[in-house]
Amino acid sequence: MGENTELGNMLSAVDKVEDCQLGVNELAVFAPKTKTSDYEQGDASITHGTYIAWETEVNLGGPSTKKQQVQKPEQEVAMFYNSLQYTLYETGFPETVDRTSTPRRNMNKEQVVVAVLSTPYECIGMLLECGHQVSDSIHLIFSPSWVSKEPSKDHPGIYSMYVHKAITFHRGGFTYIDEFSPPRRVTYLVNFFTNAITHGLVDWASEMERNLDCQMSSSIPLCDMIHDKLWTRYLMSKVGIAVPETLAYKIESKRMVPNSDAIRVCVLGKCMKAENTDQVNADNPCVYIGKNFENGDVCEHAISVKQKIARFVDKSSVNGKRIVVKPSALELHDSIGVTIHQAGDLESITNAVEDVLVGGDAVLVETFVEIISPRPMVSGSQSAKISKATERLGFRVRSTVCRDFDGKPVTTSINCGLSSKDSSISRNNTVCQGLDSTLLAYGLTDPAVRCAVDRDIRRHGEDVMRILIEEEHKLDEEQRGGLGGYTDVIGVDFSVTNEDGNIAPVAIEMKSHDCSVNCQVVDFMYHLTQQCTTIDTQTSYQMRRSDKEYDRDTPQKQDSILGRSVRPWVRSMIQRSQDHVLHGKHILIIGAGGFCKGFIWTDAAALGVKVVLVESNPNHFAKEQVYKFINLDIEDHTQEHANAQEIVKILHNEGITVDGCLTFWEYYGPLAALCAELLKTKGSSYAAACIAKNKSYTQATIRARNADVAHFPITSLYSAASCHIASEADIDQACNIANFPAILKLEYASGAVGVNMCKNEDDVRKTYTALTNSLCAMESEYEIGLGFGNTMLLMEYLDGSEHDIDVVIFERKLVAAFVSDNGPTNYPSYTETVALMPSNLPSDKQAQLVMAAYQCCNKIGLSNGVYNVEMKMTSDGPKLIEINARMGGGHIRNWIKRLYGVDLMKCAMLISCGIKPYVPKLPPAEFLLGVNLILSEHGRILTNNNLRKVLGDLQASGDVIFMMMEDEAKLKLDAESTQYEQPYAQIAVKGRNVDECRQKLGKEAKSSGASTSVQAMRQLLSQRIRATRRPPYGHVTRTSRTGPLPVCTSRRPVTSLRKPISPTLARRDVDFPAILKLDYATGAVGVNMCKNEDDVRNKYTALTNSLHTMESEYEIGLNFGNTMLLMENLDGSEHNIDVVIFDRKLVAAFVNDDGLTNYPAYTGTCHNLAIIYSLTLNT
């Protein structure tokens, strides 16, 4: 399905307006004017339809903030602006507000600046969606005076783009004309102002996009690559997708395309033997065009193009099929230059090939893919029988595929265009519709068959995008069109054919980023329907697929369909923008931590982050992996202020300016907070970090009663009875406060170090003494927090299930939260044994945990960062165990990244730099269930090389996820001491639901020797209120033309018989059978079927005579005139759509079905009132 330019549509609309005769008044075409207060002017405009209801006296000239004289707006800028307003008006969004009088200095907190060089026609759906996801992030540029290029500060030799003026899009569809001082640096560029897309009308942006340092979608070189029909066809065949059998000619080789069964390639005008590029034989000769033969410029092995085509069409697999000749070049997109030829018409095919060879890179001679023929409707609804497809119609399927924020290809939309079987299909001759209803109209009544076609098209589109991503990673910056040039969205066109009784899609070609125009129309169609009817657009928008498949973009809200077709693309552009902003940042990290934090240094380097690491161990393995290593003894936590000042001094002396400061290690939270305060970077306060480090202080703070709020419970509900024990003298008071049984544990330790159950006061005293003595004898204070002190906490024992809630908070606002379940601890050591993510709790219980974790963090002052909160879901609701003022350790980061696509490490780094992280809210497609391995129970697995090999093989096959949390040296060192042991590794499995995970983990645990943890796993799963919550799962799939609706141009021939009838005119304009009826009559008065021209003449005469003899003209409209209309007979079902419109906006719509007419009278016979829709909006 092809697209056309906005300007071409506008001019076409003018022609139709000029040709239209309204009988009473002629329609005038006026230039745009300022809107009137009563919206009654009703002017027509070539730029935006036939109505103006917005302010046109706005500032569209050059920005006043730019160092140049303010320019008057170009003519096309005003045209583009009015086109935008027309779209916003008809689709129910507010008019754009001009606020250029006060240049804006601040920007969105995500620091995302997406620049779109385009008319609104190409991308209005994407603009609105991006503004919805991150308000004020997307900037629509109409003029080159609105942007500039400056040498890049980070990348010598290339440039940064800056936005001085733009139309910005905000949540709720609000738009503004804004100027910026200082100008905004572009993080992501989308360019539709190219020669190919605008057909040469606008091309200033081609130079603007060259040599930029920002991220970019579909640069001109990448568009050229995607519009290379030969190369993309090779890619599609490479991943096993059916394509038409093809003979390709090319003059020179831009991209290597090898010969295959489906594709034969001929390089014209070269002796293949001399070039030594292929073996020359009878099946693969050298091919030359006719002109070469005339000039004698051929080799001895030569044959002509015509001879090669003759061999191709004589193949058994091609013989008898129609042939398509298709040029391949960036400017020759859509159906430009495409011709269809009858089987065996060698002269016509050869002439077509040689005609288009000059203008393109290659020419494809391919078999015409015959679509499925309509089948008899043996089952299905009466409506399906009435509206079945006819033999003269054909259809093309367009699959829109986006690269999502996590790099996965996602098919977002599958739409069909219907037109004449023998003509090319474009948006100018079809109204898009869904695949399911199209296949049903062709007689595919079996839902399983329709689902299979839908599934194949989705998977094929994603396979193509996947291999395209792989190919682009092989290109250098110049070949990709820039440092950040990658393809984020494509369209793949299919025909659905019947091969040996098998209904299957055949891929035809690929489209670049302008492919979103078509599916955008469908988005707006359903959006409009949602606003004024109660039609179930959510189920009709997508096919019903099997339970084993799931759409991660299934609309959850009434307003979520608009923008759905480009939603993953928008997520990708925002994510890539934040990667661009983070790249090159200097971030100070306090404390390197142990083996389990090793991923930080490699992953930070991959993001382009320059880590400045402060670490006590001068020989730490991270020393060689960071940008700057500072060795400083920071283990004495009583000297935090002095250490912080020393760190700042070292940075100053080294000339290092950092953009952020944080820690990922438990024991450096207060020091990192102090450094952040001194360096004035984003983070939690030193006071909040100290509270979080002290467990009893944390409980006391959330227990303190503040003023009640309307939206949350009081935080004291989350606290547990507890008491600080600084010495043995405090035990009496503690026992009076805490109920028994109670937990005695260290104030500053992490994990389960020093945690003990006490049943009475004697237990408390004995345990306190034993714990004090054992800690004094320990050689290392580093891992259990003794550098802060060895005081303890007595806290009531909490019943219920244990959970981790990992939260992302920016400026006291919750950005994201992830809930996981922990199994029963390894009593009496209280080491965690089993973990499950996502949580298996009911949704209301999970919501309670999220709310409680967020409130507790805010209450103690943790306002900027990523935090790990441990809670129990008791019979009285959520209760706090402790708050870790840093990212969760162990498996947490890896699991969240896998399930949700969110990197907590990157979130923490962004926040430290003052940037609000962008976190897409997508449901996970699977569960992860894991068993923690500890030396006392699983030492045999961890130390046995044979069992480790078994685990390695299981991981390689994808059956398990195995993760080491400590290195081999520490494993051997601690093999004899298990008093305060921690998990050393984890074995996890994935599953579509909890039951599947349980079965898999039980099986793998037995095979790897970890069966002793199976009982703990069963306890974890049995203690849930709901044993299995079946989430979306399985094969993950993810599902616009701008302008709201198709241009209202008729596809059906109509002839007005106002003057004496012209047989030639009627025969030329209208196909038979046709309907002759009165222009002004109502009902079925004067309606007649005409099978040929003689019928028209006879019935025109008879109808004219009968009207003259009628006594009353009032009932049939003769007081308006007695002219007639000859109109093609329309097949299909008939419907009445009653609409309510106010100020050109649709308020309500009601649909009902009409039965067959009482032929030949054409009187209505029956009505189906079961399908009727009531007003739902703004009565």
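Everything in this summary refers to the structure shown in the same document.

What counts and how
Residues numbered from 1 in each chain as written. Predicted model: local features only at pLDDT ≥ 70, side-chain atom pairs only at ≥ 80, totals over all residues. Heavy atoms only, no water. Phe/Tyr/Trp six-rings, centres within 6.5 Å; stacked < 30°, edge-to-face > 60°. Buried < 20%, exposed > 50% of the residue type's maximum accessible area, 1.4 Å probe, protein only. Helix = DSSP H or I, 4+ residues; strand = E, 2+ residues; numbered from the N terminus. Pairing = 2+ DSSP bridges. Contact = heavy atoms within 4.5 Å. Polar contact = N/O pair within 3.5 Å; in protein donor to acceptor, adjacent residues only side chain to side chain. Axes fitted to C-alpha atoms, helices over the stretch in contact; angles between N-to-C directions. Core = buried A, V, L, I, M, F, W, Y, C linked by side-chain atoms within 4.5 Å. Patch = residues over 30% accessible without salt bridge, like charges linked within 9 Å, V, L, I, M, F, W, Y side chains within 5 Å. Areas by Shrake-Rupley, 256 points an atom, 1.4 Å probe, with all protein chains shown as cover. Salt bridge = Lys/Arg side-chain N within 4 Å of Asp/Glu carboxyl O. Expected span 1.5 Å × (residues − 1). Parallel < 35°, antiparallel > 145°, perpendicular 65-115°, else oblique. Nonpolar A, V, L, I, M, F, W, Y, C, P; charged D, E, K, R; others polar. Left-handed = near helix turned anticlockwise from the far one by under 90°. Arc of directions from axis to C-beta.

**What about the packing of aromatic side chains?**
Any two aromatic rings considered together are summarised by their centre-to-centre distance and by the angle between their planes.
For step 1, the next point in the chain: Within the structure shown, the criterion is met by nine aromatic pairs.
For step 2, the next point in the chain: Where phenylalanine 142 meets tryptophan 146, the ring centres are 5.8 Å apart and the plane angle is 40 degrees; that geometry is what we call tilted. We note that phenylalanine 142, like tryptophan 146, is buried.
For step 3, the next point in the chain: Look at phenylalanine 712 and tyrosine 854: their rings are 6.1 Å apart centre to centre, the planes differ by 80 degrees, and that puts the pair in the edge-to-face class. With phenylalanine 712 in the loop between α22 (695-703) and β27 (722-725) and tyrosine 854 in helix α25 (residues 843-860), this residue pair connects regions lying 142 residues apart in the sequence.
For step 4, the next point in the chain: For phenylalanine 712, a relative accessible area of 27% corresponds to the partly exposed category.
For step 5, the next point in the chain: Counting every residue linked through ring pairs, the aromatic cluster contains Phe80, Phe142, Trp146, Phe193 and Trp204.

**Side note on the pairing of strand β21 (residues 502-511)**
For step 1, the next point in the chain: The element β21 is extensively covered by neighbouring structure, given that eight of its 10 residues are classed as buried.
For step 2, the next point in the chain: As paired elements, strand β20 (residues 489-499) and β21 share nine bridges and run antiparallel to each other. Bridging from a neighbouring strand, serine 495 pairs with valine 506 of β21.
For step 3, the next point in the chain: Between the end of β20 and the start of β21, which pair antiparallel, lie two residues, with aspartate 500 showing a positive phi angle near 55 degrees.

**Section: unusual backbone geometry**
For step 1, the next point in the chain: Cis peptide bonds are those with omega within 30 degrees of zero, and the linkage from serine 181 to proline 182 qualifies with 5 degrees.
For step 2, the next point in the chain: By secondary structure assignment, the location of proline 182 is in strand β6 (residues 175-185).
For step 3, the next point in the chain: Looking along the chain, the bond that leaves methionine 837 and enters proline 838 is cis, with omega of -5 degrees.
For step 4, the next point in the chain: By secondary structure assignment, the location of proline 838 is in the loop between β33 (834-837) and α25.
For step 5, the next point in the chain: The backbone of lysine 680 sits at a positive phi, close to 60 degrees, despite the residue not being glycine.
For step 6, the next point in the chain: Lysine 680 gets classed as exposed once you look at its relative accessible area, which sits at 74%.
For step 7, the next point in the chain: One non-glycine residue with positive phi stands out, namely arginine 812, at about 70 degrees.
For step 8, the next point in the chain: Along the polypeptide, arginine 812 turns up in the loop between β31 (801-810) and β32 (813-822).
For step 9, the next point in the chain: Relative accessible area serves as the criterion here: at 45%, arginine 812 is assigned to the partly exposed category.

**Section: the sheet that holds β21**
For step 1, the next point in the chain: Read from one edge to the other, the open sheet built from five strands follows the order β18-β17-β16-β20-β21, with strand pairing classed as antiparallel. In the strand order of this sheet, the two ends are held by β18 (433-434) and β21, each with one partner.
For step 2, the next point in the chain: The pairing of strand β16 (residues 393-403) with β20 spans six bridges and is antiparallel. The residue bridging threonine 400 from the neighbouring strand is glycine 491, located in β20.

**Quick word on the environment of aspartate 633**
For step 1, the next point in the chain: As for its placement among the helices and strands, aspartate 633 is situated in the loop between β25 (628-631) and α19 (640-654).
For step 2, the next point in the chain: By relative accessible area, which is 56% here, aspartate 633 ends up exposed.
For step 3, the next point in the chain: Each C-alpha atom of the pair aspartate 633 and asparagine 643 lies 8.3 Å from the other, and the pair is 10 residues apart in sequence.
For step 4, the next point in the chain: The contact partners of aspartate 633, leaving out residues within four places of it in the chain, are Ser616 and Asn643.
For step 5, the next point in the chain: Separated by 3.2 Å, the side chain of aspartate 633 and the backbone nitrogen of glutamate 635 make a polar contact.

**So, the sheet that holds β33**
For step 1, the next point in the chain: Strands sit in the order β35-β34-β31-β32-β33-β36-β38-β37 across an open sheet of eight strands; the sheet is antiparallel. The strands lining the two open edges of the sheet, one partner per strand, are β35 (877-884) and β37 (961-964). Averaged over neighbouring strand pairs, the angle between their axes works out to 25 degrees when direction is ignored.
For step 2, the next point in the chain: In this sheet, strand β38 (residues 985-991) lies alongside β37 in antiparallel orientation, the contact comprising four bridges. Bridge assignment links methionine 963 to a residue of β38, and that residue is glutamine 986.
For step 3, the next point in the chain: Contacting β31, β32, β33, β36 (927-933), β37 and β38, helix α26 (residues 892-900) crosses the sheet at an angle of about 25 degrees to β33.

**Quick word on the nonpolar core**
As a rule of thumb, soluble globular proteins bury nonpolar side chains together.
For step 1, the next point in the chain: Core analysis: the largest hydrophobic core is formed by 59 residues, its most contacted members being Val116, Met126, Val163, Phe169, Trp569 and Met573.
For step 2, the next point in the chain: Residue contacts for tryptophan 569: discarding those within four places in its chain leaves Met126, Tyr188, Val190, Phe192, Ser217, Cys402, Arg403, Asp488, Val489, His513 and Ser516.
For step 3, the next point in the chain: One finds Val243, Ile469, Ile490 and Ile503 within the second-largest nonpolar core, a separate group that totals 46 residues.

**Notes on a nonpolar patch on the surface**
For step 1, the next point in the chain: A surface patch of nonpolar side chains, about 290 Å² in accessible area, is lined by Ile1137, Val1139 and Ile1141.
For step 2, the next point in the chain: Within the element layout of this structure, valine 1139 appears in strand β44 (residues 1134-1142).

**Topic: helix α3 (residues 120-133)**
For step 1, the next point in the chain: Over its 14 residues, α3 extends 18 Å from the first C-alpha to the last, a length consistent with the 20 Å expected when each residue adds 1.5 Å.
For step 2, the next point in the chain: For α3, a buried count of 13 out of 14 residues is recorded, marking the element as mostly surrounded by other parts of the structure.

**Describing the packing of helix α21 (residues 686-693) against α22**
For step 1, the next point in the chain: Two numbers describe how α21 lies on α22: the axes approach to 5 Å, and their chain directions differ by 110 degrees. It follows that α21 is roughly perpendicular to α22 by the angle criterion. Contacts between α21 and α22 involve Ile691, Ala692 and Lys693 from the first element and Lys695, Tyr697, Thr698 and Thr701 from the second.
For step 2, the next point in the chain: Considering only residue class, the contact of α21 with α22 consists of three nonpolar, two polar and two charged.

**Focus: the packing of helix α2 (residues 75-90) against α3**
For step 1, the next point in the chain: Where α2 meets α3, the axes come as close as 11 Å, and the angle between the chain directions of the two elements is 50 degrees. Taken together, the axes of α2 and α3 are oblique relative to one another. As for the relative orientation of α2 and α3, their crossing is right-handed in sense. Contacts from Phe80, Ser83, Leu84, Thr87 and Leu88 in α2 reach Pro120, Ile124 and Leu128 in α3.
For step 2, the next point in the chain: Class assignment for the residues of the contact of α2 with α3 results in six nonpolar, two polar and no charged.

**With respect to the pattern of salt bridges**
For step 1, the next point in the chain: This structure, assessed with the given rule, holds 47 salt bridges.
For step 2, the next point in the chain: Linking arginine 886 and glutamate 666 is a salt bridge whose minimum nitrogen-to-oxygen distance equals 2.8 Å. Placement of arginine 886 in the loop between β35 and α26 and of glutamate 666 in the loop between β26 (660-662) and α20 (669-679) is noted, with a sequence separation of 220 residues between them. When sorted by exposure, arginine 886 lands in the same class as glutamate 666, which is buried.

**Focus: the environment of threonine 367**
For step 1, the next point in the chain: Tracing the sequence through the fold places threonine 367 in strand β15 (residues 362-367).
For step 2, the next point in the chain: Sequence separation of threonine 367 and proline 244 is 123 residues, and the distance between their C-alpha atoms is 5.7 Å.

**Remarks on helix α29 (residues 945-956)**
For step 1, the next point in the chain: Between the first and last C-alpha of α29 there are 16 Å, a value that for 12 residues agrees with the 16 Å anticipated at 1.5 Å per step.
For step 2, the next point in the chain: Restricting attention to buried positions, one finds in α29 the residues Leu947, Leu951 and Leu954. For α29, the buried positions fall inside an angular range of 60 degrees around the axis, keeping them on one side. Opposite the buried face of α29, at more than 90 degrees from it, the exposed residues are Asn945, Asn946, Lys949 and Ala956.
For step 3, the next point in the chain: Backbone geometry just after α29 places glycine 958 at a positive phi near 85 degrees.

**Focus on the side chain of serine 719**
For step 1, the next point in the chain: Locating serine 719 in the fold gives a position in the loop between α22 and β27.
For step 2, the next point in the chain: For serine 719, a relative accessible area of 9% corresponds to the buried category.
For step 3, the next point in the chain: One polar contact links the side chain of serine 719 to the main-chain carbonyl oxygen of serine 716, over a distance of 2.9 Å.
For step 4, the next point in the chain: Ignoring any residue separated from it by four or fewer positions in sequence, one finds serine 719 in contact with Gln699, Ile702, Arg703 and Lys879.

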